[in-house]
Amino acid sequence: MATDKANNAERDPRRRVHLERQWFAQALERCLAGRDLPALRACVAELRDALRRAGETPDPPAGPTVAFRLEDLLDELDQVLQARTLARARYYLRRLRRATEEVRTGPINEINLLRWKEYDDILTDSLWVIPRRDTSGAHQAWYWGNFVPQIPRQMMLRYTRRGDWVLDPFAGSGTTLIECRRLGRNGIGVELNPQVAARARETVAQEPNPQGVVTALVEGDSTTLDFAHLLERHGRSSVHLLLLHPPYHDIIRFGEDPRDLSNAPTVEAFLERLGQVVERTSPVLETGRYLAVVIGDKYGHGEWIPLGFYAMEEVRRRGYRLKSIVVKNFEDTRSKRRRQSLWRYRALAGGFYLFKHEYILIFEKV
Ligand SMILES: C[S@@+](CC[C@H](N)C(=O)[O-])C[C@H]1O[C@@H](n2cnc3c(N)ncnc32)[C@H](O)[C@@H]1O
């Protein structure tokens, strides 16, 4: 058994090891008590070696455990070994001891900052290249104009905690609400098109809801809706994240309804309506919390129309602090690739570049 464990650990440094908390704390204490740097290093090197083999902790652990990704733990110990002074080496060791004993999260998410290296599923760069849409579970691609589930997922992981409330005033096929069920966040979506809303409700219901959160999808016009009243129905007065994925003006028409933002007669009218949605939803967002707008640019009459930048200004004018502009690739589907070759010709002839990106504009309510 111990040999199997050791072999696995050596093969897969990304695996998690479960160490008996007391055993590990005592091991760190022993090293901290080292008289001088060579003594401390010898102790840490021995511990590192034992962990690399991962057979030295009682098996199964007798008491409470602490889990680490082996790779990160070995990195931490390497840092101690490379320290040039005793004081520095002890500082790193104490930091590691704290990471086993404490959890330090900020107020708006559940990321344990003492173990920040373990969150490599959470993106922190402003360029997102997401090669494939997540089509697992209830996520289907039936709605033309939906966003990839990875977008609401990333937003919720960074800007919400379990049990928080998320509001999506352009809910479409319900992608945000499906992610809410997966991540244990409550979600309310508003969608203008009744057929789309009905189908989205069915789709969302197919996703398991292990944490029993609310995922409500209501039909309505987000430019005029009374959001405080809508939340009251769920016993709430505020939400913790606003996620806006409006039409990119008229690039895709989402229905015949003249109130649909994709039917706004001009870019100016579109932006005015988007501004109305921001004004309507803002009062229910808690201060210090985040609003994200997912939007792309458009092309018309020989001109690139920077809808993303215009939209950014609409939000900034309404009391928000811009925190990030994320640029995300468009996925390359087969049908898109076919259309692409014609557009490539047009681009070469017309002196412009083809859209391969959209924006995720991230704001904090101040
Ligand atoms: C880009 S799609 C959102 C797609 C969604 N994120 C998804 O993954 O399915 C924009 C949606 O906004 C809806 N919409 C347009 N104008 C609206 C309005 N005034 N109020 C509410 N929804 C509106 C459209 O019907 C469309 O479904």
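About the cut-offs
Residues numbered from 1 in each chain as written. Predicted model: local features only at pLDDT ≥ 70, side-chain atom pairs only at ≥ 80, totals over all residues. Pairing = 2+ DSSP bridges. Helix = DSSP H or I, 4+ residues; strand = E, 2+ residues; numbered from the N terminus. Contact = placed C-beta atoms within 7 Å. Axes fitted to C-alpha atoms, helices over the stretch in contact; angles between N-to-C directions. Buried ≥ 20, exposed ≤ 12 C-beta atoms within 10 Å, placed from the backbone. Domains from an automatic or database assignment.

## Looking at the sheet that holds strand β7 (residues 239–244)
Move 1: Spatially, the 8 strands line up as an open sheet ordered β3-β11-β12-β8-β7-β4-β5-β6, and their pairing is mixed. Each edge of the sheet is formed by a strand with only one pairing partner; in this case those strands are β3 (127–128) and β6 (215–219).
Move 2: Strand direction decides the pairing type here: β7 and strand β8 (residues 285–295), joined by 5 bridges, are parallel. Paired with Leu241 across the two strands is Tyr290, which belongs to β8.
Move 3: Along the sheet, helix α6 (residues 150–159) makes contact with β4 (165–168), β7, β8 and β12 (357–365), crossing β7 at roughly 155°.
Move 4: Contacts between helix α8 (residues 194–206) and the sheet are confined to β5 (186–191) and β6, with β6 contributing the most and set at about 170° to the helix.

## Some points on the environment of Lys356
Move 1: In this structure, Lys356 sits in the loop between α12 (334–350) and β12.
Move 2: The exposed category is assigned to Lys356, around which 12 C-beta atoms lie within 10 Å.
Move 3: Once the C-alpha coordinates of Lys356 and Phe330 are considered, the two residues, 26 residues apart in sequence, prove to be 5.2 Å apart.
Move 4: Residue contacts for Lys356: discarding those within four places in its chain leaves Asn329 and Phe330.

## Regarding α6
Move 1: For α6, the buried fraction is high: 8 of the 10 residues fall into the buried class.
Move 2: Residues Ile151, Pro152, Arg153, Gln154, Met155, Met156, Arg158 and Tyr159 constitute the buried set of α6.
Move 3: Those residues of α6 that are buried lie in contact with β4, α7 (175–183), β7, β8 and β12.

## Here's the deal with the domain arrangement of the chain
Move 1: Looking at the chain, the domain boundaries give domain 1 (2–102) and domain 2 (127–365).
Move 2: Between domain 1 and domain 2, the C-alpha centre-to-centre distance is 44 Å.

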